[in-house]
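Residues per chain are reported as follows:
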Number of protein chains: 4
Amino acid sequence: MIHFHCDYQEGCAPEILARLQATNMEQTIGYGQDPYSQEAKALIAKLCGIDTEQGERLWREKDTAGSVHLLVGGTQTNTLVINALLRPHQGVIAADSGHINVHETGAIEHCGHKVMAQATSDGKLTAAQVQDVILSHLYDPNIEHMVQPGMVYISFPTETGMLYTKQELTALSAICRQYELPLYIDGARLGYGLMAPAADITLRELAALADVMYIGGTKQGALFGEALVVCNPKYRKDLRYLIKQSGGMLAKGRLIGIQFLTLMQNDLYWQLAAKADRQALSIRQALLDKGYRMASESPTNQQFVIIADDKLNELKTRYLFDYCERVDEAHSMVRICTSWATRDEDVNQLIHDL
Amino acid sequence: MIHFHCDYQEGCAPEILARLQATNMEQTIGYGQDPYSQEAKALIAKLCGIDTEQGERLWREKDTAGSVHLLVGGTQTNTLVINALLRPHQGVIAADSGHINVHETGAIEHCGHKVMAQATSDGKLTAAQVQDVILSHLYDPNIEHMVQPGMVYISFPTETGMLYTKQELTALSAICRQYELPLYIDGARLGYGLMAPAADITLRELAALADVMYIGGTKQGALFGEALVVCNPKYRKDLRYLIKQSGGMLAKGRLIGIQFLTLMQNDLYWQLAAKADRQALSIRQALLDKGYRMASESPTNQQFVIIADDKLNELKTRYLFDYCERVDEAHSMVRICTSWATRDEDVNQLIHDL
Amino acid sequence: MIHFHCDYQEGCAPEILARLQATNMEQTIGYGQDPYSQEAKALIAKLCGIDTEQGERLWREKDTAGSVHLLVGGTQTNTLVINALLRPHQGVIAADSGHINVHETGAIEHCGHKVMAQATSDGKLTAAQVQDVILSHLYDPNIEHMVQPGMVYISFPTETGMLYTKQELTALSAICRQYELPLYIDGARLGYGLMAPAADITLRELAALADVMYIGGTKQGALFGEALVVCNPKYRKDLRYLIKQSGGMLAKGRLIGIQFLTLMQNDLYWQLAAKADRQALSIRQALLDKGYRMASESPTNQQFVIIADDKLNELKTRYLFDYCERVDEAHSMVRICTSWATRDEDVNQLIHDL
Amino acid sequence: MIHFHCDYQEGCAPEILARLQATNMEQTIGYGQDPYSQEAKALIAKLCGIDTEQGERLWREKDTAGSVHLLVGGTQTNTLVINALLRPHQGVIAADSGHINVHETGAIEHCGHKVMAQATSDGKLTAAQVQDVILSHLYDPNIEHMVQPGMVYISFPTETGMLYTKQELTALSAICRQYELPLYIDGARLGYGLMAPAADITLRELAALADVMYIGGTKQGALFGEALVVCNPKYRKDLRYLIKQSGGMLAKGRLIGIQFLTLMQNDLYWQLAAKADRQALSIRQALLDKGYRMASESPTNQQFVIIADDKLNELKTRYLFDYCERVDEAHSMVRICTSWATRDEDVNQLIHDL
């Protein structure tokens with residue numbers, strides 16, 4: 001059985017395992033203050049073009065927790081950021097298909113905040129939508145009876161693999177800054193997004209538009225781990241406390257440090273992502289050539305296709321896809337997903353069998 | 001200025017003030033365990049046709065807090081009930097126009113739960129919608145990644161004054177029982193609902209279909225206060241603790257006891273509601289006669305009408321309405337609201353001036 | 001049966017009921033924005049010597065909710081303030097006998113915060129204790145693994161009726177300001193405290209030392225209601241939203257406005273408190289004269305006495321006290337409580353029967 | 001520099017890395033439903049003598065999530081369990097030195113619950129203490145104004161390395177069952193506890209006395225990971241949902257499965273722990289022989305010793321210890337900690353240098 005089911009079905013890039021092996025019996029202090037984590041964080045800050053200073057633990061208003069933090073998983077990272085940035089009466093504006101609205105078992109609400117879900121096509125929130133939410137709140141006579149919009153959450157790419165253009169992101173960032181709402185970018189698949197041929201924005205440009213974002217490791221070649229980047233110094237306060245409180249401060253923090261250091265050195269992270277995108281786009285082209293109907297314009301590693309049930313049953317004897325939904329009596333939509341680990345021979349075989 | 005703005009712009013039914021006066025210097029124990037509160041709770045239970053037993057404070061699983069509780073306000077009551085009935089990963093199914101989704105500043109999310117908002121016309125949730133939410137959850141392969149539907153919230157009447165029929169409520173109750181979800185009815189304006197000529201259900205029938213409901217006092221002639229009725233004994237556990245924790249256990253609990261006792265004795269509550277409904281329906285008839293376009297089919301004390309801005313500006317010199325929204329360049333929607341306190345002469349004057 | 005059980009066993013000062021009667025059918029807007037509430041809030045601010053400006057509802061950082069807010073009850077007020085002032089990883093330093101630590105069913109923890117309880121005699125926290133908590137946190141190598149002290153809670157008077165001196169309060173305030181922790185004073189019985197002959201501080205002086213405090217109504221002659229005073233403008237942000245979210249925004253907000261206006265005009269509040277203190281001190285003197293052992297040095301309306309069980313059983317046929325705890329095989333501790341409503345003839349009778 | 005600072009300063013047992021390497025490119029489904037996780041969970045259940053059935057995902061009351069779950073870290077596991085087991089008004093009884101009370105940045109309070117901290121010597125809670133808390137709650141007239149005890153938390157070994165005897169645990173379990181409170185055992189260092197020569201209880205006996213417990217991986221040879229064992233089927237409900245909500249459901253769940261499978265097969269886990277205990281006890285004996293004063297009677301891998309500052313400064317040039325506290329002007333208390341990774345030559349060198 002060949003898996004095109006998701007991008008987290010194998011272990012990790014072999015370079016990472018080799019480095020874990022090489023460093024295994026070294027003794028370092030815990031909780032992310034080891035040299036590997038420090039080096040990884042400094043490197044990520046540098047790649048993002050933000051200051052690399054790692055924060056000072058001063059008392060209260062002057063406390064700052066550094067610009068990069070290494071966390072275990074995506075739901076944890078999203079909850080942490082939203083919990084850190086919002087006051088109790090505030091909510092987070094998001095696409096209704098957003099991961100925080102659909103697939104985190106209510107983690108955001110559990111930490112006290114409403115997801116102010118907006119209808120979108122392909123999961124992309126527009127600057128105009130954000131402004132509408134803000135203005136309709138601001139001008140409501142019952143303003144205090146309603147959740148105050150407190151931040152904006154987007155994912156790049158979206159849940160269906162779509163990308164925002166630089167222009168769209170610039171507009172979103174501008175409206176957020178105008179109304180003092182932080183813009184948070186969920187980059188669980190950031191590499192697949194930025195390396196897509198269709199992408200017109202760089203990591204550094206993204207970091208300049210976002211207030212907070214994370215660079216996903218779990219789906220992009222790490223065993224696990226996400227790198228939280230707090231681009232706007234205003235939001236760095238208290239983060240080490242909140243990470244510990246949320247259960248996100250790994251005792252052997254160096255494990256994530258070593259992984260991100262390995263991924264970010266020599267561009268490994270970007271190369272793995274670019275390869276997966278190429279594979280996905282060659283599958284996409286083959287599907288189009290053979291007359292399949294695509295369910296999304298995704299230019300990244302996730303391809304959504306509508307497929308006849310007969311054909312699907314035939315393919316299922318050999319391939320594992322992610323079943324999305326029934327389209328009509330005779331057709332279904334499935335997701336075909338490549339990853340850092342997908343082998344070219346499996347891609348070629350699939351293209352042959354389609 | 002004559003107010004048709006809402007149903008909480010005066011003090012209370014004079015009978016209540018008289019009784020507060022008569023009992024003012026009596027000494028009673030606090031926190032709702034005084035004789036007035038006990039009598040009011042027993043009377044309400046009897047009117048609802050549920051057992052009047054007041055609960056026993058036994059240890060843990062055997063603890064039961066009685067079938068009726070007297071609380072201060074609606075947001076507090078809704079939050080308490082939802083907090084008491086849901087497990088941390090569960091959400092409450094509600095109409096997207098529901099009070100808990102729109103006008104409680106995220107109180108439900110603040111206590112940890114998602115409002116699973118459903119699009120409706122006129123704020124009425126259907127049994128089919130509830131079943132869809134449940135089934136789409138049950139058959140999702142990622143079931144644990146999503147909020148589990150844990151209860152159903154409806155209001156009677158809805159935010160726009162609409163009523164569920166007995167048939168609709170029976171179907172909702174049946175689907176809730178089939179899937180073991182409690183059905184909770186927000187009755188902030190329950191009297192105006194049940195006394196409307198169009199209503200085809202009684203208090204006792206409602207209590208037999210609901211698991212939990214509340215009978216609103218604040219908008220129906222009390223200074224403040226809501227009577228929570230826990231129809232299904234399964235949900236009575238722990239409530240006294242949770243009421244205290246939520247800040248809802250009034251030290252001088254007898255104040256709400258005396259108010260509900262006064263309202264429920266001699267049918268005062270129902271007479272006041274019936275009068276307000278009659279007034280609202282006469283205004284409605286006048287509006288229709290004069291060619292106004294109504295924005296809702298409401299048969300209760302809230303009437304929503306579309307009105308030309310010129311006419312509205314003229315009326316605003318004399319009357320206070322609740323401005324709802326702009327309809328087009330020259331028209332607005334307003335709410336005209338009668339109450340237990342509305343005077344017939346004001347209604348007649350308004351009808352004349354329309 | 002004559003009650004000396006607590007200070008919330010009657011209704012309210014007759015002047016309040018008269019004013020509720022006189023204004024009953026007036027139409028005003030809701031949620032505390034009526035003229036009575038505005039006037040009451042301005043008067044309280046003036047008495048406290050803080051600015052009377054009622055806040056502006058500007059967007060986000062510039063929003064300010066005014067310096068005085070009228071809430072329903074004490075647990076609600078404490079939870080609101082602590083929820084408003086703390087970040088998620090912060091706790092509130094309090095005496096271990098503090099109301100928030102013992103008698104609010106975990107309301108503070110329910111809203112997410114640890115009560116950092118300190119052992120005290122008579123419930124009085126010292127500046128040195130507060131400094132110890134702060135310094136032991138600041139110099140701990142595992143600082144982020146521990147709850148950060150975020151504010152200080154004291155009550156004036158304490159749960160056992162004790163008063164802080166002006167010197168003690170000045171020291172507490174100074175340490176709080178040095179470390180930027182807000183000082184919050186629970187004044188559920190503030191009047192009984194300030195009017196005690198032993199008190200050496202005024203309302204205005206208290207307001208200058210506190211960052212936030214509340215002036216209790218429920219136990220001091222109101223039907224219900226507490227006046228929250230936000231002395232330090234820094235903490236006024238967002239409060240209207242948070243009050244609504246907590247279920248604390250009474251629809252007919254004027255009810256509390258009218259009560260506080262009545263209490264604060266013509267010094268009624270202070271006169272009622274002074275009378276209760278006088279009565280309590282005359283009972284105390286009688287107890288001492290008759291050789292009873294007092295369990296607290298309380299100079300306010302609550303007196304704690306150790307009493308032989310035989311004598312207690314005799315008194316219980318005529319009087320209701322609050323039973324505190326068993327002292328030894330033959331003695332118990334009880335609280336004898338006077339209030340705004342206690343009658344001199346009942347005090348005299350009790351003194352006679354002791 | 002030789003570290004005796006803690007038991008999480010290296011990577012993991014080489015057998016684990018080898019197995020991660022060997023399985024790295026295998027494709028498995030995510031979220032802990034892969035064959036390695038299933039096998040590890042079944043093996044752990046078997047070792048604990050509880051049923052190995054993995055739960056059924058049925059609707060609501062009938063849902064059960066299996067008896068073993070694999071989580072990432074200790075704070076996360078403790079918060080999850082307490083969140084799952086308590087109702088909103090309940091607290092957890094714990095020693096005041098308990099990890100949840102001191103070193104989790106208020107994670108328990110953040111999820112809404114009070115830690116009902118009890119003073120102890122060496123962190124051991126007694127059955128009598130638990131009964132006192134329960135009875136003083138049960139017989140309080142203000143029962144609903146106070147946090148209800150809802151479960152008991154202990155750690156085995158305690159924070160200072162102490163062990164409960166079988167008799168003590170049997171008594172604790174009996175009192176918990178009498179009052180229907182679940183008993184939860186934090187086993188972050190369970191192996192070091194059970195393998196200590198002084199231990200008189202087995203894993204299987206522990207599992208029979210506990211309702212829920214966890215077997216620590218992070219501090220006992222895994223890269224990370226804790227195995228939650230829900231001994232009492234009553235508490236298995238909803239756990240998969242709650243794990244996902246808490247951010248604890250690792251996408252590549254097999255990573256923890258492979259680690260625990262490796263540790264639990266061939267007794268590797270127990271052998272590593274036994275070795276560390278032996279090393280710690282030989283250091284302890286050397287300390288006693290050389291006249292040092294021990295600060296705890298710990299028979300496990302953590303040794304707490306009082307040491308002259310001069311000597312400490314000398315040792316600090318070569319060794320890293322955990323500094324605990326200043327004892328007097330010339331002495332300090334430090335923790336010397338061995339682990340699965342400690343080398344005999346380092347132990348011998350230390351003994352020589354003491």
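Presented here is a report on the structure given in the accompanying data block. (Residues numbered from 1 in each chain as written. Chains lettered and ligands numbered in written order. Predicted model: local features only at pLDDT ≥ 70, side-chain atom pairs only at ≥ 80, totals over all residues. Heavy atoms only, no water.)

1. Focus: the packing of aromatic side chains
Inference 1: This structure, assessed with the given rule, holds 22 aromatic pairs over all chains.
Inference 2: Relative to C:Tyr8, the ring of B:Tyr31 lies with its centre 5.5 Å away and its plane at 65°, an arrangement referred to as edge-to-face. Residue B:Tyr31 is located in the loop between helix H1 (14-23) and helix H2 (35-48), and its partner C:Tyr8 is located in the loop between strand S1 (2-3) and helix H1 (14-23); the two belong to separate chains. Each of the two residues, B:Tyr31 as well as C:Tyr8, counts as buried.
Inference 3: Note on D:Phe4 and D:Tyr319: the rings are 6.1 Å apart at their centroids and 40° apart in plane angle, and the pair reads as tilted. Here D:Phe4, found in the loop between strand S1 (2-3) and helix H1 (14-23), pairs with D:Tyr319, found in strand S11 (residues 319-320); they are 315 residues apart in sequence, far enough to count as distant. Here the two residues D:Phe4 and D:Tyr319 agree in accessibility, since each one is buried.
Inference 4: Pairwise contacts between aromatic rings join A:Phe4, A:Tyr319 and A:Phe321 into one cluster.
Inference 5: Seen from the ring of B:Tyr164, B:Lys124 lies directly overhead, with NZ or CZ sitting 5.7 Å from the centre. (Phe/Tyr/Trp six-rings, centres within 6.5 Å; stacked < 30°, edge-to-face > 60°. Helix = DSSP H or I, 4+ residues; strand = E, 2+ residues; numbered from the N terminus. Buried < 20%, exposed > 50% of the residue type's maximum accessible area, 1.4 Å probe, protein only. Lys NZ or Arg CZ within 6 Å of the ring centre and 35° of its normal.)

2. Some remarks on the interface of chain C and chain B
Inference 1: Every contact between the two is made by 45 residues of chain C and, on the other side, 45 residues of chain B.
Inference 2: Across the interface of chain C and chain B, roughly 4,200 Å² is buried in total on both sides, 57% from carbon and sulfur atoms.
Inference 3: It is C:Gln27, C:Gln245 and C:Lys252 in chain C that bury the most area against chain B; as a group they hold 18% of the surface buried on that side.
Inference 4: At the boundary of chain C and chain B, one finds zero salt bridges.
Inference 5: The interface formed by chain C and chain B holds 24 residue pairs in polar contact (both at pLDDT 80 or more) in total.
Inference 6: The set of elements that each furnish at least two residues to the side of chain C that touches chain B consists of S1, H1, helix H3 (74-85), helix H5 (107-110), helix H10 (239-245) and helix H11 (254-264) of chain C.
Inference 7: No other element matches the four residues that H1(C) contributes to the side of chain C that touches chain B.
Inference 8: Of the residues in the side of chain C that touches chain B, the class split is 22 nonpolar, 17 polar and six charged. (Contact = heavy atoms within 4.5 Å. Buried area = accessible area lost by both parts, 1.4 Å probe. Salt bridge = Lys/Arg side-chain N within 4 Å of Asp/Glu carboxyl O. Polar contact = N/O pair within 3.5 Å; in protein donor to acceptor, adjacent residues only side chain to side chain. Nonpolar A, V, L, I, M, F, W, Y, C, P; charged D, E, K, R; others polar.)

3. Considerations on the sheet that holds strand S13 (residues 331-337) of chain A
Residues and elements named next belong to chain A.
Inference 1: Strand order across the open sheet formed by four strands is S9-S10-S13-S12, with antiparallel pairing between neighbours. Of all strands in the sheet, those with a lone pairing partner are strand S9 (293-294) and strand S12 (322-328), marking the two edges.
Inference 2: In terms of strand pairing, S12 meets S13 through five bridges, oriented antiparallel. Residue pairing in the sheet places Tyr323 in a bridge with Val334 of S13.
Inference 3: Contacts from helix H13 (residues 309-316) reach strand S10 (302-308), S12 and S13 within the one sheet, and its direction differs from that of S10 by about 120°. (Pairing = 2+ DSSP bridges. Axes fitted to C-alpha atoms, helices over the stretch in contact; angles between N-to-C directions.)

The quantities given are spatial measurements derived from coordinates; they are silent on function.
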